[in-house]
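Descriptive structure summary
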Amino acid sequence: MTMMLNKDAQEDLIERGYSRRQLGEVAALLGAGTAMAQQQAARAVKGAVRIGANECWTGPFPSGVQAAAEAASFGNWYDPDNYKADLIKTVAAVEGLPEAQVMPWPGSGGPLVSIVAAYCSPTKGLVTADPTFESAWRTADYMKAPIAKAPQAIGKGHDVKAMLAANPNAGLYYICTPNNPTGTITPLADIKWLLDNKPADAMLLVDEAYIHFSEAPSAASLIGNRKDIIVMRTFSKLFGMAGVRLGLTFADPEVQKRISLFGPSAGGLAITAMHCGNAVYKEAALIKARREEMIGNREETIAWLTKKGIEVQPGSQANMFMVNWKKPAKEMQAALIATPEKVQIGRNWPIWPNVSRVTVGSADDMAKFRAAVDKVYKA
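This report concerns the structure included in the present document. Keep in mind that this is a model prediction, so the values were computed, not measured.

1. Brief notes about unusual backbone geometry
Here the amide bond leading from D130 into P131 is cis, since omega sits at 10°, within 30 degrees of zero. In this fold, P131 is placed in the loop between β3 (126–130) and α7 (135–142). The step from T177 to P178 runs through a cis peptide bond, and the omega angle for that step is -5°. As for its position among the elements, P178 is in the loop between β5 (172–176) and α9 (188–197).

2. Comments concerning the pattern of salt bridges
In total, this model carries 20 salt bridges according to the counting rule given. A salt bridge links D228 to R226; its shortest N-O distance comes to 3.0 Å. For D228, a relative accessible area of 10% translates into the label buried. Across the salt bridge formed by D374 and K308, the nearest N and O atoms sit 2.8 Å from each other. Of this pair, D374 sits in helix α14 (residues 363–376) while K308 sits in the loop between α12 (284–307) and β9 (311–312), placing them 66 residues apart in sequence. Connected through salt bridges with shared partners, the residues K192, D196, K198, R226 and D228 form a single ionic network.

3. Focus on the packing of aromatic side chains
Scanning all chains against the criterion turns up 5 aromatic pairs. Arranged with centres 6.3 Å apart and planes meeting at 85°, the rings of F61 and F239 form a pair that is edge-to-face. With F61 in the loop between β1 (49–51) and α4 (62–72) and F239 in the loop between β7 (229–234) and β8 (247–250), this residue pair connects regions lying 178 residues apart in the sequence. Accessibility assignment for this pair places F61 and F239 in one class, buried. Pairwise contacts between aromatic rings join F61, F235, F239 and Y281 into one cluster.

4. Examining α9
The set of residues buried in α9 consists of I191, L194 and L195. The buried side chains of α9 occupy one side of the element, clustering within an arc of 100° when seen end-on. Buried residues belonging to α9 abut α8 (160–166), β5, β6 (203–207) and β7.

5. Some details on the sheet that holds strand β4 (residues 147–151)
In spatial order, the strands read β2-β8-β7-β6-β5-β3-β4; together these 7 strands make up an open sheet with mixed pairing. Of all the strands in the sheet, the pair left with one neighbour each is β2 (102–105) and β4. Recorded for the sheet is a direction-independent mean angle of 25° between the axes of neighbouring strands. Of the strands in this sheet, β2, β5, β6, β7 and β8 are in contact with helix α6 (residues 109–119), which crosses β7 at around 165°. Contacts between α9 and the sheet are confined to β5, β6 and β7, with β6 contributing the most and set at about 160° to the helix.

6. As for the sheet that holds β9
Sheet architecture is open: 3 strands sit in the order β9-β10-β12, paired in antiparallel fashion. The open sheet has two free edges, formed respectively by β9 and β12 (355–359), since each of these has just one partner strand. Alignment of strand β10 (residues 320–324) against β12, held across 5 bridges, turns out to be antiparallel. Its bridge partner lying in β12, V323 is registered against S356.

7. Some remarks on the state of the cysteines
Going through the model one piece at a time under the given rule, you end up with 0 disulfides. There is no disulfide at C120, and the cysteine sulfur nearest it, in C176, is 16 Å away.

8. Comments concerning the nonpolar core
L204, F235, F239, F250, F321, W325 and F369 are the most contacted members of the largest nonpolar core, which totals 75 residues. Within the second largest apolar cluster, 35 residues are counted, among which are L23, M103, L112 and M232.

9. Quick look at the packing of α12 against α14
Interhelical geometry of α12 versus α14 gives an angle of 15° and a closest axis separation of 10 Å. Considered as vectors, α12 and α14 are oriented roughly parallel to each other. Considering only the axes of α12 and α14, their crossing is right-handed. Side by side, α12 and α14 meet where N297, E300, T301, W304 and L305 of the first sit next to A363, M366, F369, R370, V373 and D374 of the second. Residue composition of the contact of α12 with α14, grouped by class: 6 nonpolar, 2 polar and 3 charged.

10. Looking at the pairing of β10
Counting buried positions along β10 gives 5 out of 5 residues, so the element sits mostly inside the fold. Every second residue of β10 is oriented toward a common face, with M320, M322 and N324 on one face and F321 and V323 on the other, all of them buried. Where β9 meets β10, 2 bridges bridge the pair, whose relative direction is antiparallel. Its bridge partner lying in β10, V312 is registered against V323.

What counts and what doesn't
Residues numbered from 1 in each chain as written. Predicted model: local features only at pLDDT ≥ 70, side-chain atom pairs only at ≥ 80, totals over all residues. Heavy atoms only, no water. Helix = DSSP H or I, 4+ residues; strand = E, 2+ residues; numbered from the N terminus. Salt bridge = Lys/Arg side-chain N within 4 Å of Asp/Glu carboxyl O. Buried < 20%, exposed > 50% of the residue type's maximum accessible area, 1.4 Å probe, protein only. Phe/Tyr/Trp six-rings, centres within 6.5 Å; stacked < 30°, edge-to-face > 60°. Arc of directions from axis to C-beta. Contact = heavy atoms within 4.5 Å. Pairing = 2+ DSSP bridges. Axes fitted to C-alpha atoms, helices over the stretch in contact; angles between N-to-C directions. Disulfide = S-S within 2.5 Å. Core = buried A, V, L, I, M, F, W, Y, C linked by side-chain atoms within 4.5 Å. Parallel < 35°, antiparallel > 145°, perpendicular 65-115°, else oblique. Left-handed = near helix turned anticlockwise from the far one by under 90°. Nonpolar A, V, L, I, M, F, W, Y, C, P; charged D, E, K, R; others polar.

Laid out in structure tokens, this is it:
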């Protein structure tokens, strides 16, 4: 799908060094934002144990399912009872933010692409950790923006000083915490250091897609009156709403307006998504219980792998962990899907070709993973 860039967006891009011929290319990129983000997840194999795409092993909380069904019955209206306003009010209350700093989106893939488009250019590059979520890399590459990657130490968060050194004049610094694929946390103090030391005209994007799986503090507390930080969230992970498509950005209203120039905002949201999101976001006890269930399944499996002599990278605080097979990860991925248990794990990143990302599923999912590993793994 190609989106039409409005006049303000066109003028902004031209000021940043793009030709009029390139405007159509950028518009096509933005229209495909969600699809680009989803390219990281391998196509699901029918009947497989799906622990490869960081999806949640179960769906939305019952209150969310009920709310989505209620909204569906009013599907003849665009927004029957101002569900968008209700969602913003709920999120702002839970996060302790002004409502003006909260914007919902149809998923998080679109806004991530839009943020890169808004702040990167052929002269203003992107800086990330390596490995990390690759959608930002793909977008910057498409836009011919310089890309700098600071290697991330095993078991650690982003090396923010190395990120700044990698490009002291970047347009956008991207921190994913908990990080995908490692699940590791970048301490809030490190995020604040980068925020305070980066170029004044650069934007800091903190992607907190997996924050609800952790008890780490959110970078949303750093926003205040600043106009150089965006915090991004999604309902696709702990809330079990990957197919429902709902995301959030937290930022100054002027920043939100700039992001919206380059992508579809809340106008493209389904009422079922908004009403479901409003219901689940305040379920503090259920969020805690689901987090604890994931941690139990994760730690049981890591302990089993460790006892078997298989190296697991430490430090994950999310629904994933990294397994070092000491052999090509693609071979193990293929071997596990070929077992009777039919287990589909995640892929590797180029920086670590022998390491697979494994999503934490249900207790039954992880038992099948362990059984499949027992069949195919040879040290």
